[in-house]
Amino acid sequence: MQLTSDQTKRFYHIWFSLLRFTNQKRKIVKEALLLKESLNPNDAALVRDVLWSDDRLLEEFVRENPVGLCDADIAVVRSWRRRVSGRFLIVKHLKKNSILVSGESSDAGAPKVYGVVGLNCPLKELLFDLPCMINATLIPFEGKITYDSLFTCFPVQFGRNITG
């Protein structure tokens, strides 16, 4: 239910490179605030929000490759064009992933369902009271779906008259 240690290291190397690039282009937070050792999630969220709001930043990063990522890592960044952002209801934790249901419907009218893996730990260790609603951006990574390292959780409660 989570990426391997090597996958997590690779993910964060790519992700932090993209966040620093975005910050250099847009001057969102002080550069020192994006060092891995002292990263504040609130600062990272500010930069991430700017990144996802303007696809040109992602395209520019891919084109310039300012940190000299290998072709496979640039392909990962390119795959993030297919990200899905929004609110998701986490309904179940399975052995291989956690099941997230999107608030948006598919073309057939059914809700979109995603099997998502964690980064450093399984999502069930972060979100154990289900159901749970989160605001997140889901991204592909090495044949799996994960999230961009940041999410916001909203409490969800059902009344006693709800039945399955």
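Note that the structure is predicted; figures quoted are calculated from it, not measured.

K.L.:
What am I meant to see in the pairing of strand 3 (residues 111-116) here?
P.N.:
A regular strand places its side chains so that they alternate between the two faces of the sheet. Relative to strand 3, strand 2 (residues 98-105) is paired through 5 bridges, and the arrangement is antiparallel. Within the sheet, the bridge partner assigned to Ser-98 lies in strand 3 and is Val-116. Connecting the antiparallel pair strand 2 and strand 3 is a turn made up of 5 residues, with Gly-109 showing a positive phi of about 90 degrees.

K.L.:
Looking at this model, I keep getting lost on the side chain of His-93. Mind explaining?
P.N.:
Along the polypeptide, His-93 turns up in strand 1 (residues 84-93). Here Ser-98 takes part through its side chain, which lies 2.6 Å from a polar atom of the side chain of His-93. A distance of 2.7 Å separates the side chain of His-93 from the backbone oxygen of Leu-127, its partner in a polar contact. Those residues in contact with His-93, other than ones at most four positions away along the chain, are Met-1, Ser-98, Leu-123, Lys-124, Leu-127, Phe-128 and Leu-130.

K.L.:
I keep staring at the pattern of salt bridges and nothing clicks. Help me out?
P.N.:
Where charged atoms from two side chains of opposite charge approach closely, those side chains can pair. Summed over the entire model, instances satisfying the criterion amount to 10 salt bridges. Among the ionic pairs, Glu-142 bridges to Arg-10, the shortest N-O distance being 2.3 Å. Pair noted here: Glu-142 is in the loop between strand 4 (132-141) and strand 5 (144-154) and Arg-10 is in helix 1 (residues 5-26), with a separation of 132 residues, a long-range link. A salt bridge links Arg-56 to Asp-54; its shortest N-O distance comes to 2.9 Å. A residue is classified by how much of its surface remains accessible, and Arg-56, at 61% relative accessible area, is exposed. Here Asp-54 falls in the buried class, since its relative accessible area comes to 10%. One continuous salt-bridge network, built from bridges that share partners, spans Arg-10, Asp-73 and Glu-142.

K.L.:
Mind showing me how you'd approach the nonpolar core here?
P.N.:
The tendency in soluble globular proteins is for nonpolar side chains to be buried side by side. Phe-11, Trp-15, Leu-18, Val-77, Trp-80, Leu-100 and Ile-134 are the most contacted members of the largest nonpolar core, which totals 41 residues. Listing elements by their share of this core, those giving two or more residues are helix 1, helix 2 (41-53), helix 3 (55-64), helix 4 (71-79), strand 1, strand 3, strand 4 and strand 5. A per-element tally of this core places helix 1 first, with 8 residues. Filtering out sequence-adjacent residues up to four positions away, Leu-18 remains in contact with Leu-51, Leu-58, Phe-61, Val-77 and Trp-80.

K.L.:
Just checking my understanding: could you explain the packing of helix 3 against helix 4 for this structure?
P.N.:
The relative placement of two packed helices is expressed as an angle between their axes plus a distance between the axes. Contact geometry of helix 3 with helix 4 gives a least axis separation of 10 Å together with a crossing angle of 165 degrees. When the axis of helix 3 is compared with that of helix 4, the two are roughly antiparallel. Crossing of helix 3 against helix 4: the hand is left-handed. Seen from helix 3, the contacting residues are Leu-58, Phe-61 and Val-62; seen from helix 4, they are Ile-74, Val-77 and Arg-78. Broken down by class, the residue content of the contact of helix 3 with helix 4 amounts to 5 nonpolar, no polar and 1 charged.

K.L.:
What's the story with the layout of surface pockets in this structure? I'm lost.
P.N.:
Where empty space is left in the structure can be found by rolling a water-sized probe over the atoms. Space inside the largest pocket adds up to approximately 190 Å³. Contributing to the lining of the largest pocket are 13 residues, with Arg-48, Asp-49, Asn-135, Leu-150 and Thr-152 lying nearest its centre. Every element with two or more residues in the lining of the largest pocket is listed here: helix 2, strand 1, strand 4 and strand 5. At 5 residues, the largest contribution of residues to the lining of the largest pocket is made by helix 2.

K.L.:
What is the right way to look at unusual backbone geometry in this model?
P.N.:
Only a minority of non-glycine residues have a phi that is not negative, and only a minority of peptide bonds are not trans. The omega torsion across Leu-130 and Pro-131 is -5 degrees, close enough to zero to call that bond cis. You can see Pro-131 is positioned in the loop between helix 5 (123-126) and strand 4. Its identity as a non-glycine residue notwithstanding, Lys-27 has a phi of 55 degrees, on the positive side. Structurally, Lys-27 can be placed in the loop between helix 1 and helix 2. One non-glycine residue, Ser-149, adopts positive backbone phi at about 85 degrees. Along the chain, Ser-149 turns up in strand 5.

The rules behind the values
- Residues numbered from 1 in each chain as written.
- Predicted model: local features only at pLDDT ≥ 70, side-chain atom pairs only at ≥ 80, totals over all residues.
- Heavy atoms only, no water.
- Pairing = 2+ DSSP bridges.
- Helix = DSSP H or I, 4+ residues; strand = E, 2+ residues; numbered from the N terminus.
- Polar contact = N/O pair within 3.5 Å; in protein donor to acceptor, adjacent residues only side chain to side chain.
- Contact = heavy atoms within 4.5 Å.
- Salt bridge = Lys/Arg side-chain N within 4 Å of Asp/Glu carboxyl O.
- Buried < 20%, exposed > 50% of the residue type's maximum accessible area, 1.4 Å probe, protein only.
- Core = buried A, V, L, I, M, F, W, Y, C linked by side-chain atoms within 4.5 Å.
- Axes fitted to C-alpha atoms, helices over the stretch in contact; angles between N-to-C directions.
- Parallel < 35°, antiparallel > 145°, perpendicular 65-115°, else oblique.
- Left-handed = near helix turned anticlockwise from the far one by under 90°.
- Nonpolar A, V, L, I, M, F, W, Y, C, P; charged D, E, K, R; others polar.
- 1 Å grid on protein atoms, 1.4 Å probe; cavity = no way out; pocket = protein on both sides within 12 Å on 5 of 7 lines; lining within 4 Å.
- Points joined across faces, edges and corners; volume = space filled by probe spheres on them.

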